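Reading the structure
Here's the letter readout for the chains.
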Amino acid sequence: MPAVVSIKSARKSFGAVEVLRGISLEVACGEVVAVIGPSGGGKSTLLRCMTLLETLDAGGLSYGEVDVAVPGEGGTSVYAKGDVLKRARGRFGLVFQNYNLFPHFTVMRNIVDAPIRVQRRDRAEVERRAWELIERMGLAGCEDKVPCQLSGGQQQRVAIARALAMDPEVIFFDEPTSALDPELTAGVLRVIRGLAAEDMTMVVVTHEMDFAREVADRVVFMDGGVIVEEGPAEQVLDNPREGRTRAFLARIE
Ligand code: ADP
Ligand code: MG
């Protein structure tokens, strides 16, 4: 079975600064990958390249058997045509640190907008699914509210419901709890833990090491635009091989 998503020898620069310096990562169906590492190491850029918010300079990117970008001459990434990219965009969900909800849309509309407008699915079916997700995310009673009437934790759970409403094959989370107080963090982590228990394929950038240890099948430590070390959570977090991983873990604990 091909990887759900795979990025190969990825390179990305902003001006003179090379932020991704040859990253390869494959995510298998049902796998939960936690990405950890110091600020500025390229974690968000990696997620933005994997979710087509940024284009790679060099390297390849595939979703299942679909090549979104392939290395051309000298490794320079050559991207597929617009319709291929558009379909690829329907295969993943993305949850940001700052929720990125539509501020003027109700909770319900935030969840159903893309499935109806972008995926052109049947409104009644999408709304039925949205009610299920609202219930499941502990948001019952919030469906007619707008984001500013909700706590940060509730907003993040709307963002997760919105991602799930697209029926993605994989969800990317970029520090989903970094903007939240501890008591609100717990509710969001509980939701992600529940998805992991249902074998949702996920890539989670996180500073929550206990959470990573608990839910991740694999931990990837990134620093300076490269993957320094990766392996089972227990190995990377409790028994790191690389000095840079040890130094990072010692600093945050
Ligand atoms: P992380 O998420 O690990 O903290 P980022 O991917 O956000 O790391 O950033 C890696 C480096 O790339 C940083 O030095 C950051 O300043 C730089 N960077 C990220 N996005 C941009 C951008 N759009 N333009 C210029 N520099 C950027
Ligand atoms: Mg980041």
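The present account deals with the structure reproduced in this document. Position numbers for residues start from 1 in each chain and track the written sequence from start to end. Written order decides the labels, with chains lettered from A and ligands numbered from 1. Totals for whole chains, interfaces and linings use all residues, but because this is a predicted model, local features are given only for residues with pLDDT of at least 70 and pairs of side-chain atoms are given and counted only at 80 or more. The basis for every side-chain value is the complete set of non-hydrogen atoms in the structure, without hydrogens or water.

A closer look at the overall build of the protein chain
Basically, it comes down to this: Here a helix means four or more residues in a row that DSSP labels H or I, a strand means two or more in a row labelled E, and each is numbered from the N terminus. Per-residue accessibility, obtained with a 1.4 Å probe over protein chains only, is compared with the maximum for each type, and a residue is labelled buried under 20%, exposed over 50%, and partly exposed between these values. Each accessible area is a Shrake-Rupley result for a 1.4 Å probe, and residues are judged covered by the shown protein chains and nothing else. In this tally, Asp and Glu contribute negative charge and Lys and Arg positive charge; neither His nor the terminal groups of the chain are included. Charge placement uses NZ in Lys and CZ in Arg. For Asp and Glu, CG and CD serve respectively.
The helix and strand inventory of the protein chain stands at nine helices and 11 strands. Dimensions along the principal axes, computed over C-alpha positions, put the protein chain at roughly 50 × 45 × 35 Å. Looking at the protein chain as a whole, 53% of its 253 residues are labelled buried. With the model as given, the accessible surface of the protein chain reaches about 11,800 Å², and the carbon-plus-sulfur share is 49%. Charge centroids of the protein chain, computed over 30 positive and 36 negative side chains, lie 5 Å from each other.

Comments concerning the state of the cysteines
As a reminder of what qualifies: Any cysteine sulfur atom paired with another within 2.5 Å is treated as part of a disulfide.
Across all of its chains, the model carries zero disulfides by this definition. Between C148, a cysteine without a disulfide, and C142, which holds the nearest cysteine sulfur, the sulfur-to-sulfur distance is 12 Å. Assessed through its relative accessible area of 70%, C148 is described here as exposed.

Points about the pairing of strand β9 (residues 202-205)
Rules: What makes two strands pair is DSSP finding at least two bridges between them. By the criterion used throughout, a crossover qualifies as right-handed when its path from the first strand across the helix to the second strand runs clockwise, the strands pointing away from the viewer.
The alternating pattern of β9 places M202 and V204 on one face and V203 and V205 on the opposite face, and all of these are buried. Where strand β8 (residues 170-174) and β9 come together, four bridges link them in parallel fashion. Opposite F172, over in β9, you have V203 as the bridge partner. With helix α6 (residues 182-197) bridging β8 and the parallel β9, this β-α-β connection has right-handed handedness.

Looking at the sheet that holds strand β6 (residues 77-79)
By way of backbone hydrogen bonds, the strands of a sheet pair with one another, either parallel or antiparallel. Basically, it comes down to this: Fitted lines through C-alpha atoms give the axes, limited to the stretch in contact for helices. The angle between two N-to-C directions lies from 0 to 180 degrees. By definition, residues are in contact when any of their heavy atoms lie within 4.5 Å.
Taken in spatial order, the five strands of this open sheet run β2-β1-β4-β5-β6, and their pairing is antiparallel. One side of each edge strand has no neighbouring strand; the edge strands of this open sheet are β2 (17-27) and β6. Neighbour-to-neighbour, the strand axes of this sheet turn through a mean angle of 20 degrees, independent of strand direction. Sheet analysis places strand β5 (residues 66-71) next to β6, joined by three bridges and oriented antiparallel. The partner of A69 across the bridge, within β6, is Y79. Relative to the sheet, helix α1 (residues 43-50) contacts β1 (5-14), β2 and β4 (58-63), its axis offset from that of β2 by approximately 60 degrees.

A short note on the site of ligand 1
Inclusion rule: Summary of the distance rule: residues count as near a molecule or strand when at least one heavy atom falls within 4 Å of that molecule or strand. Polar contact criterion, stated in full: a pair of N or O atoms within 3.5 Å, where within protein one must be able to donate a hydrogen and the other to accept it, and residues adjacent in sequence count only if both atoms are side-chain atoms. Residues were grouped as follows: Ala, Val, Leu, Ile, Met, Phe, Trp, Tyr, Cys and Pro as nonpolar; Asp, Glu, Lys and Arg as charged; and all remaining residues, including Gly, as polar.
Taken together, F14, V19, P38, S39, G40, G41, G42, K43, S44 and T45 make up all the residues around ligand 1. In the model, an oxygen atom of ligand 1 is placed 3.2 Å from a nitrogen or oxygen of the G41 main chain. At a separation of 2.5 Å, an oxygen atom of ligand 1 approaches a polar side-chain atom of T45. Coverage of ligand 1 by the protein chains reaches 56% of its 560 Å² of free accessible surface. Its residues assigned to classes, the shell around ligand 1 shows three nonpolar, six polar and one charged.

Looking at the packing of aromatic side chains
Which entries qualify depends on this criterion: Centre distance within 6.5 Å is the pairing criterion for rings of Phe, Tyr and Trp, where only the six-membered ring of Trp is used; planes under 30 degrees apart are then read as stacked, over 60 as edge-to-face, and the remainder as tilted.
This model, assessed by the stated rule, comprises four aromatic pairs. Judged by centre distance (6.1 Å) and plane angle (80 degrees), the rings of F92 and F172 are edge-to-face. Taken together, the positions of F92 in strand β7 (residues 92-95) and F172 in strand β8 put the pair 80 residues apart, joining distant regions of the chain. Accessibility classification places F92 together with F172 in one group, the buried group.

Notes on unusual backbone geometry
The backbone of Y99 sits at a positive phi, close to 65 degrees, despite the residue not being glycine. With respect to the secondary-structure elements, Y99 resides in the loop between β7 and α3 (107-117). Positive phi is not limited to glycine here, since R120 has a value of about 55 degrees. The residue R120 is located in the loop between α3 and α4 (123-136) in this model. Residue R120 is classed as exposed on the basis of its relative accessible area, which comes to 69%.

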